[in-house]
Amino acid sequence: MSPDPLDPQPDASAPADTLDLTKDDATRSAGAPPPPATTPYDLAQDQETARATIAYILLSLLGLVIVVSFWLLWAKPDHAGKLHELLQLVFAPLVALVGAATGYYFGAASAQQARK
């Protein structure tokens, strides 16, 4: 007859090296790793990470637009008029977007520091 897996009392004929989940953690063997530490979820930390990521991406995009613009102006000076028109279309909204995002990021960061 096979032992009942739901029986809380281990069978005397069971091997000694089997895992007994009815025992307390204090009776674990010395080589067993400790249970993982659990920490509560922190929404504020994830929000801070997302704000920083968005701000850095937008600042990088602005820097890329500036560098590529100067490179195009140096590489193809005969297309300066087209580059000027393109930058009038792209640069001002990009600067406004970067300013709003970084202002929101640093405003939220300073508000969070003031609460601490």
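Note: the structure precedes this text.
Just so you know, these numbers come straight off a predicted model, no measurement behind them.

Asker: Which residues make up the nonpolar core, and what are the values?
Answerer: Leu58, Leu62, Val65, Leu94, Val98 and Ala101 together form the largest nonpolar core, which totals six residues. At the level of elements, α1 (43-75) and α2 (80-115) are the ones that each hand at least two residues to this core.

Asker: Kindly report on the side chain of threonine 102, identifying the contributing residues and their values.
Answerer: Structurally, threonine 102 can be placed in helix α2. In this structure threonine 102 comes out as buried when scored by relative accessible area, which is 14%.

Asker: Break down the pattern of salt bridges for me, citing the residues and quoting the values.
Answerer: Across all of its chains, the model carries one salt bridge by this definition. Of the charged contacts, one joins glutamate 48 and arginine 51 as a salt bridge, the two residues approaching to 4.0 Å between their closest N and O atoms. Of the two residues, glutamate 48 and arginine 51 are both situated in helix α1; the distance of three residues between them amounts to about one turn of the helix. Of the two residues, glutamate 48 and arginine 51, neither departs from the other in class, the shared state being buried.

Asker: Go over α2, please, and point to the residues and values.
Answerer: Residues lying three or four places apart along an α-helix face the same way, a consequence of the helix completing one turn every 3.6 residues. Between its terminal C-alpha atoms α2 stretches 50 Å, which fits the 52 Å expected from 36 residues at 1.5 Å a residue. Maximum bend of α2: about 35°, positioned at leucine 87. Taken residue by residue, α2 has Leu83, Leu94, Val98, Ala101, Thr102, Tyr105, Ala108 and Ala109 as its buried positions. In this structure, the buried residues of α2 make contact with α1.

Parameters at a glance
- Residues numbered from 1 in each chain as written.
- Predicted model: local features only at pLDDT ≥ 70, side-chain atom pairs only at ≥ 80, totals over all residues.
- Heavy atoms only, no water.
- Core = buried A, V, L, I, M, F, W, Y, C linked by side-chain atoms within 4.5 Å.
- Buried < 20%, exposed > 50% of the residue type's maximum accessible area, 1.4 Å probe, protein only.
- Helix = DSSP H or I, 4+ residues; strand = E, 2+ residues; numbered from the N terminus.
- Salt bridge = Lys/Arg side-chain N within 4 Å of Asp/Glu carboxyl O.
- Expected span 1.5 Å × (residues − 1).
- Bend = angle between axes of the 7 residues up to and from the residue.
- Contact = heavy atoms within 4.5 Å.

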